[in-house]
Each structure stands twice: as C-alpha cells, then as structure tokens.
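One letter stands for each residue in the lines below.
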Amino acid sequence: MSIYSQDIISNSGIIINQDKKLYSFNLDTILLYNFAKPVKKGKIVDLCSGNGAIGLSLASKTKAQIYLIEIQKELADLSQKSIEDNRLEQQVHLVNDDLKNVQKHIDHDTVDMIVCNPPYFKVSNQTALKENPVLAIARHELKANLEDILHAIKILLKENSHAFLVYRPERLSELLSLMLKQRLQPKRIRFVRTNSQKDANLVLLDVIKTVKEASLKVEPDLIIYDENHQLTKEASQIINGNK
C-alpha cells in the first residue's frame, strides 16, 4: 500500500508528488537544491533524478529547459505526474532510461548545468540491501556507480559549465580522484554537520568541466542544529525557503 503525498521544497511553489513507501526526498535533496546555482537559460539536467524533486523545483528559478534522467519507472511516473500537475510540460522533460544511454536523448557537450544526488553506497557481498528495491537502487550503486555518473556528467556538460552534487565525506577522496580523470574539477566545497560537535555527514560540491586548473573554495560548514537542538538560522532559511 502506498503512502502518497504532495510536498514542496523550500517554498519553491512546485508540487512534488511522492510515494513514501517507495522513496521520498530528504534533507540532502533540499540542501542540493539550495546549493546549486542554476543558469537562467539553456539546458539543465537532473541525473539520478528520483521523483524529480530537484529538477522540478529548479523550474521556479530558471527559464532553462530541464531534463530529468531516472531509470526507475515507478519514480519516473511520479515525476511525470508532477510535471503535469505543475503545468511544466513545455519546460521539464522526463527521460525514463539508464543514464548510460543518456546520449540517445541529449547530445554531448550541450548541457549548461547538471544537478545530481547519486547513490552513495557501494554494493558488496556484505551489503544489507533494504527490502524496498526502489529505495535500494536509489541509495546503492546497483544500476550506476560513481564512475558511470561522472562520465555522464563529462559527456553532457559544455566546457566551463558546472555540475552540483551532494555526497558522503567518507568517499570524497575517491570522488575527487575519479572527477579529475573525467576533466572535472571542484570549484566550491561545503561540508554539512548535524551539529558543531559532530563530524560532517554530507558534502556539497560545485564542479566545473575544464582542461585548465581551477581554484578551489572551501566554504564555511553548514550546521543544521544548534546546542539547543533547534535549527540554526541558516538551516531554517534553507529548509523553509524564507531566505
């Protein structure tokens, strides 16, 4: 039985259809949506788009054409419903396919910006996958690994254009190493901590496709909760969309 809901990210005004028994967006999604700096026109791609929450919400900030790339039909169907409910058929386009096939749908070197909330976890014999196969694919590298995703980013992006990702700090060194092989360089990095005493549990990255050397800016950490277990002012502004 599904648990169906309609939600909005950060006061964007864009309705996101969700089935919480399958998969629903979380804090990672909201943080990436706010961290990304969308181009005003051109072409944007949301890779591993899930139910389309980031790509759809970006329609509130840009006139660019937006493409949602999602392999799982259950999540793609939710995205399509959201496209129709928000009357965004002329701006947002769904591609229900494996990102390894993305060039069948979008030409290489034509994309002005990419956002991606990829699967974080490797699959091994010891991996205890969740009973929910849709969520397992969204969270684990069952259908696409980090190298597949970065290769797709490199193929799609125009030179000197940006991709925005959210990832796990424990895999950051691997991510950076694989990025450099694909001519992708980090421009901005921001770590996210639950509170000031805890290690970072997320990292946000602004990545540029370039053959040149790119200077790197490490921004101040984003702290979600203060010492009283209340949302910090910045976290509240991001999550509630009142900044």
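Residues numbered from 1 in each chain as written. Predicted model: local features only at pLDDT ≥ 70, side-chain atom pairs only at ≥ 80, totals over all residues. Heavy atoms only, no water.

Structural notes on the overall build of the chain
(1) Moving on: Scanning the chain from N- to C-terminus turns up seven helices and 11 strands.
(2) Moving on: Across the 243 residues of the chain, 50% fall into the buried class.
(3) Moving on: Long-range contacts, defined as pairs at least 24 residues apart, comprise 67% of the intrachain contacts of the chain with a sequence gap of at least 6.
(4) Moving on: Just so you have it, the chain exposes about 12,000 Å², and 47% of that area is on carbon and sulfur atoms. (Helix = DSSP H or I, 4+ residues; strand = E, 2+ residues; numbered from the N terminus. Buried < 20%, exposed > 50% of the residue type's maximum accessible area, 1.4 Å probe, protein only. Contact = heavy atoms within 4.5 Å. Areas by Shrake-Rupley, 256 points an atom, 1.4 Å probe, with all protein chains shown as cover.)

Some details on the packing of helix α5 (residues 146-156) against helix α6 (residues 172-181)
(1) Moving on: Between α5 and α6, the shortest axis-to-axis distance is 10 Å and the interhelical angle comes to 40°. Here α6 runs oblique to α5, going by the angle between their axes. Read as a crossing pair, α5 and α6 show a hand that is right-handed. The residues of α6 that touch α5, namely those facing Leu146, Glu147 and Leu150, are Glu174, Leu175, Leu178 and Met179. (Axes fitted to C-alpha atoms, helices over the stretch in contact; angles between N-to-C directions. Parallel < 35°, antiparallel > 145°, perpendicular 65-115°, else oblique. Left-handed = near helix turned anticlockwise from the far one by under 90°.)

Examining helix α1 (residues 27-35)
(1) Moving on: Most of α1 is tucked away: eight of the nine residues are buried.
(2) Moving on: Turning to α1, its buried residues are Asp28, Thr29, Ile30, Leu31, Leu32, Tyr33, Asn34 and Phe35.
(3) Moving on: Here α1 starts with a cap whose side-chain oxygen sits 3.2 Å from the backbone nitrogen of Asp28, and that cap is Asn26. (Polar contact = N/O pair within 3.5 Å; in protein donor to acceptor, adjacent residues only side chain to side chain.)

Section: α5
The α-helix winds at 3.6 residues per turn, so residues separated by three or four positions along the chain end up facing the same way.
(1) Moving on: Every buried residue belonging to α5 is among Leu146, Ile149, Leu150, Ala152, Ile153, Ile155 and Leu156, and all of these are buried.
(2) Moving on: Where α5 is buried, its residues meet β3 (43-47), β6 (111-116), β7 (157-167), α6, β8 (184-193) and β9 (202-209).

Regarding unusual backbone geometry
(1) Moving on: The phi angle at Ser10 is positive, at roughly 45°, despite the residue not being glycine.
(2) Moving on: Mapped onto the secondary structure, Ser10 falls in the loop between β1 (4-7) and β2 (16-19).
(3) Moving on: Taking the relative accessible area as the measure of exposure, Ser10 reaches 8% and is therefore buried.

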